[in-house]
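# Summary of the model geometry
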Amino acid sequence: MSSAIKKIFFALAISALIAAPRADAGSLGDFFKALGNSIAHPGQGKKPAPKPQTKKPKTKGAEQAGDYPPTPAPPAPPPTPTPTATTSQPPVRPASAPPTKNSKRDIPYGIPVPNKPGFVTSPYSPKAGYVDVRGFPSGTEVKDPYSGKIFLTP
């Protein structure tokens, strides 16, 4: 190539690099968490954040001019807090015995909750809450009250 073509090519390459949008790099831990979630839950992508909704007046400008300035609405009373034992504790639901089937299958185990004997988190819905399995011996099939799927007690 001639030197003039090389200079033009080089200038175009530099300008393309400068004009390209920047990508934000996340942490390495976020990458591995996303990779693990994609393996554990295939087909579930990131859920888009809900768009904030804005209310637009339904009336036209001529009709709206009579109400300007709008009368202020009375202040709403503060909501009364609902009584709870502790707000940091997730909900607890008891497990139930599933209908008996004599089939050999790969069933995951519930995840024991630290410092709470007899309570597990479901392998299918780990963020839903605790499952009470105190009446079931280890290795028993129980039905997850959150997802309705079967798992084994640890």
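Throughout what follows, the structure given in this document is the object of discussion.

How each quantity is defined
- Residues numbered from 1 in each chain as written.
- Predicted model: local features only at pLDDT ≥ 70, side-chain atom pairs only at ≥ 80, totals over all residues.
- Heavy atoms only, no water.
- Pairing = 2+ DSSP bridges.
- Helix = DSSP H or I, 4+ residues; strand = E, 2+ residues; numbered from the N terminus.
- Salt bridge = Lys/Arg side-chain N within 4 Å of Asp/Glu carboxyl O.
- Buried < 20%, exposed > 50% of the residue type's maximum accessible area, 1.4 Å probe, protein only.
- Contact = heavy atoms within 4.5 Å.
- Polar contact = N/O pair within 3.5 Å; in protein donor to acceptor, adjacent residues only side chain to side chain.
- Patch = residues over 30% accessible without salt bridge, like charges linked within 9 Å, V, L, I, M, F, W, Y side chains within 5 Å.
- Areas by Shrake-Rupley, 256 points an atom, 1.4 Å probe, with all protein chains shown as cover.

### Here's the deal with the sheet that holds strand 4 (residues 130–132)
An order of 1-4-3-2 is seen for the four strands of this open sheet, with the pairing classed as mixed. In this open sheet, the two strands that pair with only one neighbour each are strand 1 (92–94) and strand 2 (111–112). Sheet topology places strand 3 (residues 119–121) next to strand 4; three bridges connect them, and they run antiparallel. Residue pairing for strand 4: Val-120 is matched across the bridge by Val-131.

### Re the pattern of salt bridges
In this structure the tally under the stated criterion is one salt bridge. The residue Asp-132 makes a salt bridge to Arg-134 at a minimum N-O spacing of 2.9 Å. Here Arg-134 falls in the exposed class, since its relative accessible area comes to 57%.

### Examining the environment of Thr-140
Counting through the fold element by element, Thr-140 comes out in the loop between strand 4 and strand 5 (141–143). Relative accessible area serves as the criterion here: at 22%, Thr-140 is assigned to the partly exposed category. Each C-alpha atom, one on Thr-140 and one on Pro-154, is 8.3 Å from the other, the two residues being 14 residues apart in sequence. Discounting residues that sit within four places of it in the chain, Thr-140 has contacts with Phe-151, Leu-152 and Thr-153. Side-chain polar atoms of Thr-140 contact the backbone oxygen of Pro-137, separated by 2.7 Å.

### Quick notes on a nonpolar patch on the surface
On the surface, Leu-28, Phe-31, Phe-32, Leu-35 and Ile-39 cluster together to form a nonpolar patch covering roughly 550 Å² of accessible area. Judged by its relative accessible area of 63%, Ile-39 falls in the exposed class.

### Points about the environment of Gln-89
With respect to the helices and strands, the residue Gln-89 is situated in the loop between helix 3 (61–64) and strand 1. Exposure remark for Gln-89: the relative accessible area of 38% places this residue in the partly exposed category. Separated by 41 residues in sequence, Gln-89 and Tyr-130 place their C-alpha atoms 9.0 Å apart. Filtering out sequence-adjacent residues up to four positions away, Gln-89 remains in contact with Lys-116 and Tyr-130.

### Quick word on the environment of His-41
Position of His-41 among the secondary structure elements: in the loop between helix 2 (28–40) and helix 3. For His-41, a relative accessible area of 31% translates into the label partly exposed. Taking the C-alpha atoms as reference points, His-41 and Tyr-124, separated by 83 residues in sequence, lie 9.5 Å from one another.

### Details of the side chain of Ser-125
In this structure, Ser-125 sits in the loop between strand 3 and strand 4. The exposure class assigned to Ser-125 is buried, which follows from its relative accessible area of 15%. Sequence-distant contacts of Ser-125, that is, excluding residues within four places in its chain, are made with Asp-144, Tyr-146 and Ser-147.

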